[in-house]
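# Summary of structural features
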Amino acid sequence: MKRVLWFIVMMILLMSSSPNLAQTPTAWEILGILNDARLGSGLVPLAMNSQLTSAAQRHSDDMAMQDALFHQGSDETWFWDRVNATGYPLVNGAENVLYRFDTSGMGAYEQWRNSQDHNANMMSVLYVEVGIAYTFNATSGRYYMTMVLGSRIDFLPPTPTPAPLSTITAIPTITPMPTITPILPTHTPAPLLPTPTLPPTFSALATWTPVPTIPPLPTNTPVPVWQRAGFLALQNWLPRRVVALWQVPTPTPIPTLIPPTWTPYPTLTPYPTNTPRPMDLLLVYNYDSFTLINVADRPLYIDGISFYSPSGEMFGRVWDNGFLTAPLNAFPSGDCLQAWNREYDQLLKPDMCSYRHSWMRLTNEQTFWRNSDTFDVYQWENRIASCLVSTGQCLVNLDDRLALPTAMPQVNTQNQNNNTTNNTNQNSANVPANPTANSPVRGVADVRLVYSAESFSLINTAGRNLNLSGLGFAGEGGLMSISEWDNGYLSRPLGNFPSGDCIQAWQIGVQNQPVKPNECIWRHAYLTVADYRMFWSLGSAFTVSQGGTVLATCRVSAGVCDFNLP
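Quick caveat: nothing in here was measured; it's all calculated off a predicted structure. Within any chain, residue numbers begin from 1 and follow the written order of that chain's sequence. Given that the model is predicted, a residue must reach a pLDDT of at least 70 before its local features are reported, and side-chain atom pairs must reach 80 or more before they are shown or counted; all residues, however, enter totals for whole chains, interfaces and linings. Water and hydrogen atoms were dropped before computing side-chain values, which therefore reflect all heavy atoms in the structure.

What follows deals with the overall build of the protein. Looking only at helices and strands, the protein features 8 helices and 22 strands. The burial tally for the protein puts 41% of its 566 residues in the buried class. Long-range pairs, those at least 24 residues apart, make up 63% of the contacts in the protein with a sequence separation of at least 6. Looking at the protein as shown, the accessible area adds up to about 34000 Å², and 60% of this sits on carbon and sulfur atoms. By the criteria applied, helices consist of DSSP H or I runs no shorter than four residues and strands consist of E runs no shorter than two, each listed in order from the N terminus. We call a residue buried when its accessible area falls under 20% of the maximum for its residue type, exposed when it is over 50%, and partly exposed in between, using a 1.4 Å probe and counting protein chains only. Every residue pair with non-hydrogen atoms within 4.5 Å of one another is taken to be in contact. Computed with the Shrake-Rupley method and a 1.4 Å probe, the accessible areas treat only the protein chains shown as cover for residues.

Take a look at the structure:
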């Protein structure tokens with residue numbers, strides 16, 4: 001009974017002293033999934049910490065209030081400032097942020113996991129504790145989530161305290177009374193005769209006895225005359241000329257030739273010609289709707305996909321409308337995207353689709369599969385498939401390369417804007433009707449910056465892909481790092497950024513989204529920033545640096561700045 005009471009008291013103390021139990025279910029869901037991944041990689045699981053959670057909650061509240069993603073808070077604090085304010089003795093730390101339109105823990109984890117830098121933070125051996133929190137912005141419908149990871153010198157992993165074992169008092173033993181041993185007469189035996197000692201024997205070292213040679217038995221084969229001893233003596237005594245007359249040459253044995261046997265080569269079994277080639281996408285369409293399904297048994301990079309026919313065209317980024325629940329650069333296997341004409345409010349997904357991550361209602365100009373016999377599928381500038389509308393299905397391999405048609409259909413794209421608030425990085429005004437047109441032309445430098453009071457754009461004008469990682473911008477208006485554009489919606493990596501394409505930023509609260517510069521073919525990401533971070537808009541100049549080296553000093557009044565990378 002005492003053990004039961006002690007266990008209840010310890011559980012009450014543990015629950016009252018652990019603030020971690022008050023975390024949200026979403027935070028615990030993310031932590032559980034993350035710890036499964038860390039254990040699978042041989043890493044120590046993270047522990048939830050209330051102080052780190054408090055710092056995360058403070059930053060989520062700030063982002064929700066500003067309705068924007070950032071790491072430096074509106075009060076100019078960074079995550080280490082917010083952690084230190086809680087009293088946490090921070091040694092190593094990191095911060096991940098994102099926003100979603102739901103509170104799915106799995107969705108949030110996958111969104112961070114699909115970003116190389118964010119996943120590196122979550123899977124780092126430097127951190128042992130974590131805090132996770134989110135805040136909802138009712139105006140935009142966004143949930144702003146923050147994960148703060150940290151480690152401290154005095155951290156001890158939680159270990160269960162075993163219950164004390166009860167001690168058992170041994171029963172005293174009774175010492176018996178000593179027994180009296182009677183003295184009996186002893187008998188002395190007669191002395192034994194000594195045993196004769198044999199001389200010691202020694203093992204001699206083994207000696208090697210040679211095997212006797214057996215003389216060969218005499219044979220009855222007669223010895224030729226010229227090999228007999230007397231004849232040889234006579235031969236040595238006679239003159240050489242006389243000996244040469246009767247010398248008999250020793251016949252040379254003729255080897256018997258064994259004809260080689262020819263081993264035929266094994267016959268190769270030809271591969272069956274009817275083995276189907278693995279495909280990546282299945283397009284399913286009828287008059288009502290169009291569905292794209294990943295059938296590749298692996299996540300696929302489907303960003304940049306587009307569809308063209310004489311009756312219309314559609315770009316895959318219409319699905320990135322602010323409600324997309326899986327990134328286009330790692331689209332899950334078995335899942336789908338769907339679109340239909342605006343005459344329908346809602347349609348069901350096909351049975352072969354496991355989960356529909358986004359749907360879109362299209363204009364007549366975008367329903368390319370209607371009123372046409374065929375349509376073509378592109379990914380970026382590559383034509384990868386041509387599909388018959390009458391079949392209702394089309395399989396696509398993303399590695400295929402088809403010849404480009406002699407003339408691309410030119411379709412009016414003025415109505416490509418979505419009927420909902422568009423959170424995508426690309427709208428119809430940003431996309432050329434022909435993806436092979438507007439090929440990048442080499443500029444005067446590697447990078448061109450185009451900026452005004454309302455927006456800032458960075459364009460690759462090098463005529464080749466560039467590594468933009470590590471760029472930083474500083475001026476009287478604020479500080480920014482190029483890594484901030486890698487916010488979960490970046491469609492091309494900063495380490496291999498395409499020529500002719502751009503990224504863009506503008507102030508929070510701008511009523512109309514600024515259009516990309518004419519020099520930019522494709523905008524891969526945009527940011528909305530607070531006015532105190534708009535480095536390009538205040539003062540007389542700002543600097544561009546990489547790895548601590550200043551690459552350029554740009555005049556704010558110029559509006560354009562060109563520079564080369566090292």
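Further notes follow.
Before going further, it helps to examine helix H2 (residues 25-40). The length a helix should cover is 1.5 Å for every residue beyond the first. Here H2 is 16 residues long and its end C-alpha atoms lie 23 Å apart, about the 22 Å a rise of 1.5 Å per residue gives. For H2, the complete set of buried residues consists of Thr-26, Ala-27, Ile-30, Leu-31, Ile-33, Leu-34, Asn-35 and Arg-38. Packed against the buried residues of H2 are strand S1 (47-48), helix H5 (105-113), helix H6 (116-122), strand S3 (129-137) and strand S4 (142-151). Looking at the residues trailing H2, positive phi occurs at Gly-42, about 80 degrees.

Another aspect to go through is the state of the cysteines. Note on disulfides: each one is a pair of cysteine sulfur atoms within 2.5 Å. Scanning the model with the defined rule gives 4 disulfides in all. At a sulfur-sulfur separation of 2.1 Å, the disulfide partner of Cys-336 is Cys-353. Handedness here is read from the sign of the S-S torsion; for Cys-336 and Cys-353, about -80 degrees, the answer is left-handed. Here Cys-336 is found in strand S9 (residues 336-341), whereas its partner Cys-353 is found in the loop between S9 and strand S10 (356-362), with 17 residues between them in sequence. With relative accessibility at 0%, the residue Cys-336 sits in the buried group. Two residues share a disulfide in this structure: Cys-502 and Cys-520, whose sulfurs sit 2.1 Å from each other. The sign of the -80 degrees torsion about the S-S bond sets the Cys-502-Cys-520 disulfide as left-handed.

Residues with a pLDDT of 70 or more make up 68% of the protein, whose mean pLDDT is 77. The element-level mean pLDDT for the protein is lowest in helix H1 (residues 2-17), coming to 46, with strand S6 (residues 289-294) highest at 96. What pLDDT expresses is the predictor's confidence in each residue, scored from 0 to 100. Predicted confidence is poor over residues 160-171, with pLDDT under 50, and the contacts of this stretch with residues over four places away or in other chains come to 4 contacts. Contacts for the low-pLDDT stretch residues 195-207, under 50 throughout, to residues beyond four places or in other chains number 0 contacts.

Further remarks concern the sheet that holds strand S21 (residues 549-555). Criterion used throughout: strands pair if DSSP finds at least two bridges between them. Pairing is antiparallel across the open sheet formed by 4 strands, whose spatial order is S17-S16-S20-S21. At either margin of the open sheet sits one strand with a lone partner, and together these are strand S17 (478-481) and S21. The average undirected angle you get between the axes of adjacent strands in this sheet is 20 degrees. Examined bridge by bridge, strand S16 (residues 471-475) and S17 share 4 bridges and lie antiparallel to one another. Lines fitted to the C-alpha atoms define the axes, with helices restricted to the stretch that makes contact. Angles between their N-to-C directions range from 0 to 180 degrees.

Moving on, we come to the pattern of salt bridges. One speaks of a salt bridge when a side-chain nitrogen belonging to Lys or Arg is within 4 Å of a carboxyl oxygen belonging to Asp or Glu. Under the defined criterion, the tally for this structure stands at 14 salt bridges. Notably, a salt bridge pairs Asp-67 with Arg-142, separated by 3.9 Å at the nearest N-O pair. In this pair, Asp-67 is assigned in the loop between helix H3 (50-66) and helix H4 (79-85) and Arg-142 in strand S4, connecting sequence segments 75 residues apart. Asp-67 gets classed as partly exposed once you look at its relative accessible area, which sits at 23%. Relative accessible area serves as the criterion here: at 16%, Arg-142 is assigned to the buried category. A single salt-bridge network, built from bridges that share partners, covers Arg-448, Glu-519 and Asp-562.

Spatial strand order, S19-S18-S15-S14-S22: 5 strands in an open sheet with mixed pairing. At either margin of the open sheet sits one strand with a lone partner, and together these are strand S19 (523-529) and strand S22 (560-563). For this sheet, the mean angle separating the axes of adjacent strands, direction not counted, is 15 degrees. In terms of strand pairing, strand S14 (residues 447-451) meets S22 through 4 bridges, oriented antiparallel. Bridge pairing in S22 links Val-450 to Val-560.

Before going further, it helps to spend a moment on the side chain of Arg-370. Checked against the element boundaries, Arg-370 lands in the loop between S10 and strand S11 (374-379). Excluding anything up to four places from it in sequence, Arg-370 contacts Tyr-287, Asp-288, Ser-311, Asn-341, Glu-343 and Tyr-344.

So, about the packing of aromatic side chains. Only the six-membered ring of Trp is used, alongside the rings of Phe and Tyr, when aromatic pairs are assigned; centres must lie within 6.5 Å, and planes under 30 degrees apart are stacked while those over 60 apart are edge-to-face, with the rest tilted. Following the criterion strictly, the structure yields 30 aromatic pairs and no others. For the ring pair Tyr-285 and Phe-375, a centre distance of 5.2 Å and an interplane angle of 80 degrees mean the geometry is edge-to-face. Pair noted here: Tyr-285 is in strand S5 (residues 281-285) and Phe-375 is in strand S11, with a separation of 90 residues, a long-range link. Pair check on accessibility: Tyr-285 and Phe-375 agree, each one buried. Among the aromatic side chains, those forming a connected cluster through ring pairs are Tyr-451, Phe-456, Phe-473, Trp-485, Phe-535, Trp-536 and Phe-542. Here, over-ring charges are defined by two tests on the NZ atom of lysine or the CZ atom of arginine: distance to the ring centre within 6 Å, and angle to the ring normal within 35 degrees. Its guanidinium or amino end placed over the ring of Tyr-99, Arg-142 lies 4.0 Å from that ring's centre, counting from NZ or CZ.

It is worth spelling out the pairing of S4 at this point. In terms of burial, S4 is largely enclosed, as 10 of its 10 residues are buried. Neither face of S4 is left uncovered, since the one carrying Arg-142, Tyr-144, Thr-146, Val-148 and Gly-150 and the one carrying Tyr-143, Met-145, Met-147, Leu-149 and Ser-151 both have all their residues buried. Where strand S2 (residues 92-100) and S4 come together, 9 bridges link them in antiparallel fashion. In the sheet register, Glu-95 faces S4, and the bridge partner there is Val-148. Inspection of the sheet shows S3 paired to S4 by 9 bridges, in the antiparallel sense. What sits directly across from Ala-133, in S4, is Thr-146.

Time to look at the packing of H2 against H5. Two numbers describe how H2 lies on H5: the axes approach to 8 Å, and their chain directions differ by 50 degrees. With respect to their mutual orientation, H2 and H5 come out oblique. For the pair H2 and H5, the crossing hand works out as right-handed. Each of Thr-26, Glu-29, Ile-30, Ile-33, Leu-34 and Ala-37 in H2 lies in contact with H5, whose residues at this interface are Gly-105, Met-106, Ala-108, Tyr-109 and Trp-112. Classifying every residue of the contact of H2 with H5 by side-chain character gives 8 nonpolar, 2 polar and 1 charged. Throughout this description, any angle smaller than 35 degrees is read as roughly parallel, any larger than 145 degrees as roughly antiparallel, any in the 65 to 115 degree range as roughly perpendicular, and the remainder as oblique. Left-handed describes a crossing whose near helix is turned anticlockwise from the far helix through less than a right angle; right-handed describes the clockwise counterpart. Residue type decides the class: Asp, Glu, Lys and Arg count as charged, Ala, Val, Leu, Ile, Met, Phe, Trp, Tyr, Cys and Pro as nonpolar, and the leftover types, Gly among them, as polar.

Next up on the list: H5. Residues spaced three or four apart along an α-helix face the same direction, because each turn holds 3.6 residues. The set of residues buried in H5 consists of Gly-105, Gly-107, Ala-108, Tyr-109, Gln-111 and Trp-112. On its buried face, H5 sits against H2, S2, H6 and S4. Here a polar contact is recorded for every N or O atom pair within 3.5 Å, except that within protein the pair must consist of a potential hydrogen donor and a potential acceptor, and residues adjacent in sequence are included only if both atoms are side-chain atoms. The opening residue of H5, the one whose side-chain oxygen lies 3.0 Å from the backbone nitrogen of Gly-107, is Ser-104.

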